[in-house]
Structure formats: C-alpha cells, structure tokens
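# Residue-level structure breakdown
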Amino acid sequence: MKIIQRYIAQGVLVSTLLVFLVVLALSLIVGLLKELHDIGVGEYGFWHAVYYVILQLPHTLYQFSPLLVLSGGVLGLGLLSSSHELIAMRVAGASINKIMAGVVSAALVMIFFMMLLGELLGPSADYLAEKNKSSAMSNGQAMATQSGIWVHEGANFLHIDRVLGHRHLEGVTRYEFDDQHHLLASYYAQTMDLVNGQWQLYDLVKTTFKKNQTQSVQYALGTWDLTLSPALLNVGVLEPEAMSLMKLNKYSRSLEKNHLPASSFQLEFWQRTFQPFAILTMLLLAVPFVFAAPRSMNVGRRMLLAIIVGFIFYVVAALLGQLSIVFQFPPVIAALLPILLFGGAGYFVMVRVRRF
C-alpha cells in the first residue's frame, strides 16, 4: 500500500507543480501589464518593472497557494481517475483512507516548500521590490538602509528610524544646510505625526551651529514647514506582506502601543499562521471532487469546478478579513472561519462518499 500512496503523492505533486508554473507565467504577464502606468515616473523604467514583478512572484504564489494546490490535486487525481487507475487501486483493496494518506503525504511536502517560499523568501523579496520601486519613482529622493530611511528635500536631509502607518514617524533627525552646504542646524524629534497636512513634532531638540559655538533648545511640541509627503515615505514603509510572522507580531504591538490601527497587520499574521491548514484543507477537498463527481465528468470540468471553489474560498477569506477590519471583530476568527467552513463541507462530502 505504501507504493500506492507514493504513486498518488507523486502524481499530485507533479500536477500541482504544473499548475504553479502556468500561474507563474500568467502572474508575470499580468504583473507587467499592471506596472505599465508607473513606467516613466521618475527613474522607474521597464527593467525596474520586470525586477519588481519577479520579486513579487513569491508572495503572489504563496497568497494563492490554497487555490493552486486544490487545482493541482484535482488535476492529479482526475488524471488517475480518467485512466481508471483509481478504480484499479480500489479493486486491489486500497480504501479511500489509503488514497487520502497519499494526498496528505503530498500536502505535507507542499506545505513545507510553501512555508519556505512564504516566510523566508516572500517577505524579503516583497520588501526589496517595494523599496527599489519607491526609490526609483522618487528619483532617489528617498533611500532605505538597514539603519533607517534617508530623505533629501531641498537643503534638508532627514534620517528616520521607523515609519509607522505613513503618518507616524519615530526617531527623526533633520540636518539643515545653507546654499554653500554649511550646516546651520540639526533637529531631533522622538516622534512626528502628520496632522491636518502639517508635520507636528514631539520632544524636539534643536541645535544651532554658529562659528564658535552651538546652542540647543528643547521643545515639547513643534511644527515643520517641510512638504514631506506620505507617498515619499513608501520607500520605508513595511507592508504586512513584507514582514515575517515575528515582525508582524512585534509591529502590531508597536502600532497598538502608539494607538494606531493594527487590524490589517494582525489579520495578515493570523492568515499566514493558518495558511498551512488552508493548504491541507484545499488539497483534501480534491478527494471528494474526484470520488463524488459523476464518472462522466472529464478532467477539464473538474478543474473548472475546483477553480471556482478555490476562488470562492479566496473571496470569502478576503471578505471576512475586510469585515474584521471595519467592524473590529478578532482577526483570528476571520482567518480561521473560512478554513473551518470549507473543511467541514469537505468532510461532509467525504462521509457521504464512504457510504457508497
């Protein structure tokens, strides 16, 4: 029976890999088409767009992995069913549980590689893509480094330790120069918020440089006349997709501490935490797709039905996620509920299949 399980797992893995390659090519083409409207902005050119789309692919594949795994599982089992190999296995004594064991073996392999793709490669590639794109579109006016963000505006250079939510900055240092590139003053603010179109600084220290001396003055609250736009800060903003699970958890706590919205980051954390269970659930759904469907239904129709079900899962998960942000109910419920619903539906169908 182990030979049968390995054979089923191999068929499912090969079919899933084929589905991933097809979607990879389509994602590359669609991604390039989406980037056409940004080409020509600043220094952002065609090869920048190609580089950006390629770096976005790991996250895209990981995001749609439940749908792709379901499609690959249905394709693999459907091909075995069309060639009457599944019937031969059943006649030889292989139960549905044994067939499901082969599917689970394939699922564990795919979950392992998906976690490597989504948690190790995906966040760093996504961050690098967004950083390079924002830097190119800003004509190099903003640059992200390991120690923070540097922004050049007029005769001023700013260094920002952390960007939280586009409108809240922490650890902001400003260096002001004259036309002869002489340093006139430096400023350091603990935090900085964009309020009614103007940047307000808290716990500000201003140091003025004169010929033979310096003078420092402290302010509890201050304002700056800089036109530092939130869009310019995109180079340093970490989106949820560009963070590992540990960073997501830490970042969410930091946003809550500063009384800033953290629901989207919490939702991303729980969705990625439950992603392995979503992949396993979708692949197990491939079994009732094959055994519960009429024998007259060909592989193409089964694939179409699987894609529809997969998209419904994706839409339900996205809808519940947005509802959790709008109505402020726990994101863990929004992330877990679609898996329970589709897993329960698959279990119900499998129970009926086993009766026949």
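Criteria and thresholds
- Residues numbered from 1 in each chain as written.
- Predicted model: local features only at pLDDT ≥ 70, side-chain atom pairs only at ≥ 80, totals over all residues.
- Heavy atoms only, no water.
- Axes fitted to C-alpha atoms, helices over the stretch in contact; angles between N-to-C directions.
- Helix = DSSP H or I, 4+ residues; strand = E, 2+ residues; numbered from the N terminus.
- Parallel < 35°, antiparallel > 145°, perpendicular 65-115°, else oblique.
- Left-handed = near helix turned anticlockwise from the far one by under 90°.
- Contact = heavy atoms within 4.5 Å.
- Nonpolar A, V, L, I, M, F, W, Y, C, P; charged D, E, K, R; others polar.
- Pairing = 2+ DSSP bridges.
- Phe/Tyr/Trp six-rings, centres within 6.5 Å; stacked < 30°, edge-to-face > 60°.
- Buried < 20%, exposed > 50% of the residue type's maximum accessible area, 1.4 Å probe, protein only.
- Core = buried A, V, L, I, M, F, W, Y, C linked by side-chain atoms within 4.5 Å.

A few words on the packing of helix H1 (residues 2-35) against helix H5 (residues 96-137). Packing of H1 against H5 leaves a shortest axis separation of 9 Å and a crossing angle of 25°. Accordingly, the angle class assigned to the pair H1 and H5 is roughly parallel. Crossing hand, H1 versus H5: right-handed. Where H1 abuts H5, its residues Gln5, Ile8, Ala9, Val12, Leu13, Thr16, Phe20 and Glu35 lie against Lys98, Ile99, Ala101, Gly102, Val103, Ser105, Ala106, Val109, Met110, Met114 and Lys133. The residue makeup of the contact of H1 with H5, split by class, is twelve nonpolar, four polar and three charged.

It is worth spelling out the pairing of strand E5 (residues 183-195) at this point. Sheet analysis places strand E4 (residues 168-177) next to E5, joined by nine bridges and oriented antiparallel. Bridge pairing links Leu169 to Met192 in E5. Taking the residues between adjacent antiparallel strands as the criterion, E4 and E5 are bridged by five residues, where His181 takes a positive phi near 65°. Examined bridge by bridge, E5 and strand E6 (residues 198-209) share ten bridges and lie antiparallel to one another. In the strand pairing of E6, Val195 is matched with Gln198. In sequence, E5 turns back onto E6 through a hairpin of two residues, with Asn196 there showing a positive phi of about 55°.

Tallying each qualifying case throughout the model produces eight aromatic pairs. Ring geometry for Phe157 and Phe177: centres 5.9 Å apart, planes at 90°, overall edge-to-face. One end of the pair, Phe157, is in strand E3 (residues 156-164); the other, Phe177, is in strand E4, and 20 residues separate them in sequence. With relative accessibility at 26%, the residue Phe177 sits in the partly exposed group. With a centroid separation of 5.8 Å and an interplanar angle of 20°, the aromatic rings of Trp270 and Phe274 are classed as stacked. Judged by relative accessible area, Trp270 falls into the partly exposed class, the value being 31%. Grouping aromatic residues by their ring pairs yields a cluster made of Phe269, Trp270, Phe274 and Phe277.

On to the nonpolar core, then. Ile8, Val12, Leu70, Leu77, Leu283 and Val287 are the most contacted members of the largest nonpolar core, which totals 45 residues. Contributions of two or more residues to this core are made by H1, helix H2 (46-63), helix H3 (65-82), helix H4 (85-91), H5, helix H8 (275-291), helix H9 (299-327) and helix H10 (331-354). With ten residues, the single largest contributor to this core is H5. Not counting the four nearest positions on each side in its chain, Ile8 is found in contact with Leu77, Leu80, Met89, Ile99, Gly102 and Val103. Counting 18 residues, the second-largest nonpolar core is a separate cluster that includes Val151, Leu158, Val163 and Leu228.

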